[in-house]
Amino acid sequence: MFRFHLIKKDGKARRGRLYTPHGVIETPVFMPVGTQGTVKAMIHKLLEEIGTQIILGNTYHLYLRPGTDIIKKAGGLHGFIGWNKPILTDSGGYQVFSLAKGRFGNRKAKVRITEEGVEFQDHLQGDRHFFTPERVIEIQEIFGSDIIMPLDECVEYPTTKEYAKEALGRTIRWLERSIRAKKREDQALFGIVQGAFWEDLRREAVKRTIEFDKFLFGYSIGGLSVGEPKEIMYEMTEVVCELLPEEKPRYLMGVGKPEDILNAVERGVDMFDCVVPTRNARTGTLYTSQGVIDIRHSKWKEDFTPLDPECDCYTCRNFSKAYLRHLFVSEEISSYVLNTIHNLRFYLKMMEEIRKAIEEDRFLELKKSYIEKVSRKL
């Protein structure tokens, strides 16, 4: 039912194919983030038209709204949202910690971590909830998502090595409990490698996580892109990838700037998700083959050329920079839609070209080309 086929390598960069009950995924893959069962400013038809293979849903948010009872009555997440391709859901653990600094007081007042699980105050009404590893698996089994994540503890940057080691151990123990709680065979569980920003802790985390290899379909690298310098992110990614089983997919959680994806692919990562392309689209920052455009700028007021002449998306085939700027400064909803179509297509086209470049042993050449594009401000 689940299978990962490693087709080709170019250095450490990997070209693969991931088989799931809801379809085949070509890797490396970027997964648009559909936090609440929808990718912001998009509908599923548009996602399919630009080549989306899989979307990501968020357990924390879907648990709060609409709630597990509604999703269960709908026959699961696929049926509720009307998406027939693969879905990955995260555990909600990151949101528990990241949203702890919200409007209902400070973090210490809102989140209490114990060996049993995490007690937290939600960011909507301030109600208190308790997530255990078992409960998180139960929620995701109700969702019926293809790929699921265990509850883990993502530490902040900076943090102490002592606390990072404590969180690492707790994450491993929660993984063991998650494996015991899992009942459905039509869902693939990934292990999450923590260890924060120390090489020895990352190595320890990999060693202890792969002890459960026979129960795991793949591996996630967590706890990065949380404010640490990029050099540390790349170093920790490389350390982990060197130690993970080659025959299983690797997923770098929450990392998604184009340059970060390219550097991670070079180190052996297969799967990515991030809100960067959709969030930037809604603030007017657009990626193109010539460079990065701030569509708000007055310089585009009378520019009647396409946003990106090399892009095949609906936005670029039909509209000029002048019109897209007009929509944005006029605060038209269609601005969010058209910008998001383009940014996501840029990402998905980049992934298509990465896969082809790996097949043809020219990934580093492609990487250099894309780094130059995304570092150029127009």
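Just above sits the structure.
All values reported here derive from a predicted model rather than from experimental measurement. (Residues numbered from 1 in each chain as written. Predicted model: local features only at pLDDT ≥ 70, side-chain atom pairs only at ≥ 80, totals over all residues. Heavy atoms only, no water.)

**Student:** What's the story with the sheet that holds strand E1 (residues 3-10) in this structure? I'm lost.
**Tutor:** Hydrogen bonds between backbone atoms are what pair the strands of a sheet, whose relative direction is either parallel or antiparallel. The three strands are arranged E1-E2-E3 in an open sheet whose pairing can be described as antiparallel. The strands lining the two open edges of the sheet, one partner per strand, are E1 and strand E3 (23-27). Averaged over all neighbouring strand pairs, the angle between strand axes comes to 10 degrees, with direction disregarded. Bridge count for strand E2 (residues 13-20) against E3 is five bridges, and the pairing is antiparallel. From the neighbouring strand, Leu 18 faces E3, where its bridge partner is Ile 25. (Pairing = 2+ DSSP bridges. Helix = DSSP H or I, 4+ residues; strand = E, 2+ residues; numbered from the N terminus. Axes fitted to C-alpha atoms, helices over the stretch in contact; angles between N-to-C directions.)

**Student:** So what exactly am I meant to see when it comes to the pattern of salt bridges here?
**Tutor:** Counted under the stated rule, the structure contains 32 salt bridges. Between Glu 246 and Lys 9 there is a salt bridge, and its shortest N-O distance comes to 2.7 Å. Placement of Glu 246 in the loop between helix H10 (230-243) and strand E13 (250-252) and of Lys 9 in strand E1 is noted, with a sequence separation of 237 residues between them. Residue Lys 9 is classed as partly exposed on the basis of its relative accessible area, which comes to 34%. Linking Arg 267 and Glu 266 is a salt bridge whose minimum nitrogen-to-oxygen distance equals 3.8 Å. By relative accessible area, Glu 266 is classed as partly exposed at 25%. Each of Lys 12, Glu 238, Glu 242, Glu 266, Arg 267 and Lys 367 takes part in salt bridges that share partners, so that together they form one network. (Salt bridge = Lys/Arg side-chain N within 4 Å of Asp/Glu carboxyl O. Buried < 20%, exposed > 50% of the residue type's maximum accessible area, 1.4 Å probe, protein only.)

**Student:** Looking at this structure, how should I read the sheet that holds strand E8 (residues 118-121)?
**Tutor:** Reading across the sheet, the three strands line up as E7-E8-E9 and stay open at both edges, with antiparallel pairing between neighbours. For this open sheet the edge positions go to strand E7 (111-113) and strand E9 (128-131), each flanked by a neighbour on one side alone. Here the average twist between neighbouring strands, direction ignored, is 15 degrees. Pairing of E7 with E8 involves three bridges; the strand directions are antiparallel. Bridge pairing links Ile 113 to Val 118 in E8.

**Student:** I keep staring at the packing of aromatic side chains and nothing clicks. Help me out?
**Tutor:** Note on aromatic pairs: each is described by the distance of the centres and the angle between the planes. Counting across every chain of the model gives 14 aromatic pairs. Between Phe 30 and Tyr 347, the ring centres sit 4.8 Å apart and the planes meet at 55 degrees, which makes this aromatic pair tilted. Of this pair, Phe 30 sits in strand E4 (residues 29-32) while Tyr 347 sits in helix H15 (residues 333-359); the two residues are 317 residues apart in sequence, bridging distant segments of the chain. Judged by its relative accessible area of 0%, Tyr 347 falls in the buried class. Ring centres of Phe 190 and Phe 217 lie 6.1 Å apart, and the angle between their planes is 55 degrees; on these two criteria the pair is classed as tilted. Of this pair, Phe 190 sits in strand E11 (residues 188-193) while Phe 217 sits in the loop between helix H9 (199-209) and strand E12 (218-221), placing them 27 residues apart in sequence. Among the aromatic side chains, those forming a connected cluster through ring pairs are Phe 30, Tyr 287, Phe 346, Tyr 347 and Tyr 370. Between Arg 3 and the ring centre of Tyr 19, over which it is positioned, the NZ or CZ distance is 4.2 Å. Against the face of Tyr 370 rests Lys 373, its NZ or CZ located 4.1 Å from the ring centre. (Phe/Tyr/Trp six-rings, centres within 6.5 Å; stacked < 30°, edge-to-face > 60°. Lys NZ or Arg CZ within 6 Å of the ring centre and 35° of its normal.)

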